[in-house]
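Each chain is listed here by its residues.
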Amino acid sequence: MDIQPYLDPFPLPAKRGILSDINKEKTEKAVQEAMKDPEAVASLLVKRLLDPGAEGNDIQARHLLHTMAVRIPNYDRKVNGNKRVKFSLVLAKSLSGNYPDRVKAFVIRQLQICGGEEVVPAIGAFLIVEGIADDAAQALIAIGKVSVEQFRKALPEVKNNSILYRNVLHGLAELADDSSKESFLEALVNEDDECRLLGLWGLTQIGDSSTLESFLKADQKEKGFSRIKAASYCLKFAEKIQKKDAAKIYRHLQKTRTLPEEKYLQQIAVSAL
Amino acid sequence: MKSNRRKFLKTSAASAASFQIVPRHVIGGQGHTPPSETYGAALIGCGGRGPGTYEGMVRDLPSKLVAACDVQKPRVDGYIKRKNPEAKAYNDFRKLLENPDVDLVAIATPPHWHALISIAAAEAGKDVLCEKPMTRFIAEGRAVCEAFERYKRIFQIGTFGRFGASRSSTSRTIHKIMRSGLLDPNPGVHIKKGGLKLHNWSGKPGLKPQIPSADLDWDFYCGPSPFKPYVQPRVGGTHRNYWDYEGGGMCDMGQHHFDPQQWIYGKDDTSPVTIEAFAPPSHPDVTGMWAWVELTYADGFTIVMDSKEWGPGYDRKASKQVSLSQLSEEDQDKIKAMPDPAPLLTFAEAVKQRKQAGGHPEAAHRAACILHLANLAIRLGRKLQYDPEKEQFVGDEEANRFVNVPMRSPWHL
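Every chain is numbered independently, its residues counted from 1 as its sequence is written. A letter from A marks each chain and a number from 1 marks each ligand, given out in the order of writing. Given that the model is predicted, a residue must reach a pLDDT of at least 70 before its local features are reported, and side-chain atom pairs must reach 80 or more before they are shown or counted; all residues, however, enter totals for whole chains, interfaces and linings. The side-chain numbers reported here are obtained from all heavy atoms of the structure, hydrogens and water having been left aside.

A. Focus on the sheet that holds strand S1 (residues 39–44) of chain B. Residue and element names in this part refer to chain B. Strands are treated as partners if at least two bridges between them are detected by DSSP. Helix and strand labels come from DSSP, where a helix needs a run of H or I of at least four residues and a strand needs a run of E of at least two; each type is numbered from the N terminus. Pairing is parallel across the open sheet formed by 6 strands, whose spatial order is S3-S2-S1-S4-S5-S6. This sheet does not close on itself; its edge strands, each paired only once, are strand S3 (88–90) and strand S6 (155–157). Strand after strand, the sheet turns through a mean of 20 degrees between neighbouring axes, direction not considered. Pairing geometry for strand S2 (residues 63–69) and S3, over 3 bridges, is parallel. Directly across from Ala67, in S3, lies its bridge partner Lys88. Axis lines are fitted to C-alpha atoms, over the contacting stretch for helices. Their N-to-C directions set the angle, which ranges from 0 to 180 degrees.

Following this line, the structure appears as structure tokens:
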């Protein structure tokens, strides 16, 4: 298959380097043609992608691949088939190929838009790869709760790498993973400020009153901006749980936020009680 | 600065050695406005619009710059040197927000930081004036609204056209007609022709990565947005050309125009329900061309952006003003009997009175949503149905992935 006819209508930078010479009719027609066999086109488009520092340009290939990724759900709905799933699987398969990291990151970003449960394991594999793990995490979070197992699986493997650990913990917290309660509790005693805050946020997200004692104990130790952020988690936690448990949080804030500049927190706590 | 305040400082042991700002909470407690005081003010994002945003914030407020922050050290140092050499310089906004001397924060970073810094400032008990556009995506705006409600802090968006609009008797009449609900279906069509700077704020794709200058913390600059190889146009005013940070001329200029229109047409608490664009396929990284976008509210009221810079002009509907003559005589009398809307409070008035400012979070968020919805119709290439209550697209899971875009660790809403 020759995909060049689909690429040619897509513009290259014109005057001032922008894509002002784009023709809607011609590009739309090219997209329609490409959508007749989206899997084959996608597979060939990925091969045209370049590392951003490499010679040559892949402007048209990126443009067409992205257009297919944002539009294929619409085509999928129209035909009531599984074009989107098949298209996403082709992109996911390319992630195991020998491509530069920034190419894989671009493909993952397209899956962030169109991917579903079917591509979760392929993306999840990158949670342990520095430099691309954050792209993977954001794509998985966008896909939703079906991704949570990938974060759980990656957690023990990234414990000794603070960047990857924070990234995975962040994903578990964002997806409000109830079964990661112990991981969030464990993070509360981490030496790294960000990890401790992610632990507090994770517990806030799941809103389990049984963790309240540990949560409040950890909150008390925070200083500076972390103390401000921890107070915000306290308030959000209180909004999620039963009144009698929430009252414990408000009383805790009353007792601990006693600096003159924390008067506003006292006021919030008092009015909530 | 008022004389009582001076007297206080003269008698204060703390001020014996040198002049210093006594934090507002020491005098009157945060949330309580003593009769005379000086507000400790700060600027986050010292380049471009920063100084102007700061001046807009402190207008009519006795204040002094006590702190400033920028990820580019020379910029913050230069600003402080010009404005107040005694102010503290920061490269991390979180450190600035720890400073108890800071009462007011002007935010003029690129928009991918607006929501997170606004929320953090509210959490630190500060009042905020935030440069437009308010946000980078829809869920950020809702989170800002919730934070300012939770902390009872003052927020004003950095565009002020609605104040003038609210003083016009014609605009007030339209506002009352719209809020009354008597015009149903609503025949009004507001068309914004040109002025959204497509070519000015279109990006250049395919640039080769460069090494950022040593004084720029590139990782921190990217912050919640995807970490991408550095190219110079991603920093400075041309950040507008990247979806990672803003949304082109639509977002740069849109809030200026649609914020006052939204007040006039009484839509501060809702959003359009259908959005349709005429645009070619959108590039994944950079903003580009589009012809027009049509957004319709549940009552039928329509707003249109007609770019006048690319493609065919908009010709589906003609501009139609909302007026009393569209109502029955009985309904016209009802409108005439309605009280005028309450005057909008400026940021200074809102801070002093501890009441909502004219450009409050909900209004600013809804105005930003108009721009985000328009941009999403352009980017997704399909007609979108939107639920303004749930703030979600209807029947389009993939479109909803642009409503709440996951952030890079450790940042989150």
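Right, picking up where we left off after that structure.
B. Representation of the sheet that holds strand S11 (residues 384–387) of chain B in the model. Residue and element names in this part refer to chain B. Read across the sheet, 6 strands follow the order S7-S10-S9-S8-S11-S12 without closing on themselves; strand pairing throughout is mixed. Across the chains shown, the open sheet's two edge strands, defined by having one partner strand only, are strand S7 (189–193) and strand S12 (392–393). Contacts are assigned to residue pairs with any non-hydrogen atoms lying within 4.5 Å of each other. Here helix H14 (residues 361–380) sits on the sheet and contacts strand S8 (274–278), strand S9 (292–296), strand S10 (302–306), S11 and S12; the angle it forms with S8, its principal contact strand, is near 50 degrees.

C. Main features of the domain arrangement of chain A. Domain assignment breaks chain A into domain 1 (1–115) and domain 2 (176–273). Domain extents, as shown, originate in an automatic or database domain assignment. With centres defined by C-alpha atoms, the gap from domain 1 of chain A to domain 2 of chain A works out at 45 Å.

D. A look at empty space enclosed by the protein. Residues and elements named next belong to chain B. Here a cavity denotes a set of grid points, spaced 1 Å apart and computed over the protein atoms alone, in which a 1.4 Å probe fits but from which it cannot get out, and a pocket denotes an open set meeting protein on both sides within 12 Å along at least five of seven lines; residues with an atom within 4 Å of a point are reported as lining. Grid points are joined across faces, edges and corners, and a volume is the space filled by probe spheres set on the points. For the coordinates displayed, the defined rule picks out 2 cavities of 30 Å³ or more. Estimated volume of the largest cavity: approximately 180 Å³. Lining the largest cavity we find 22 residues, and of these Ser282, Val286, Thr287, Gly288 and Met289 sit closest to its centre. A total of 3 residues in the lining of the largest cavity trace back to one element, the largest contributor, which is helix H11 (residues 248–264).

E. Representation of unusual backbone geometry within the structure. Note the cis peptide between Lys132 of chain B and Pro133 of chain B, where omega equals -5 degrees. Along the polypeptide, Pro133 of chain B turns up in the loop between strand S5 (127–130) and helix H7 (138–151). That bond from Asp184 of chain B to Pro185 of chain B is cis: its omega, 5 degrees, falls within 30 degrees of zero. Backbone geometry places Ala176 of chain A, a non-glycine residue, at a positive phi of 50 degrees. The topology assignment puts Ala176 of chain A in the loop between helix H10 (162–174) and helix H11 (181–187). Phi is positive for Lys152 of chain B, close to 50 degrees, though the residue is something other than glycine. Inspection of the secondary structure puts Lys152 of chain B in the loop between H7 and S6. Relative accessible area serves as the criterion here: at 53%, Lys152 of chain B is assigned to the exposed category. Per-residue accessibility, obtained with a 1.4 Å probe over protein chains only, is compared with the maximum for each type, and a residue is labelled buried under 20%, exposed over 50%, and partly exposed between these values.

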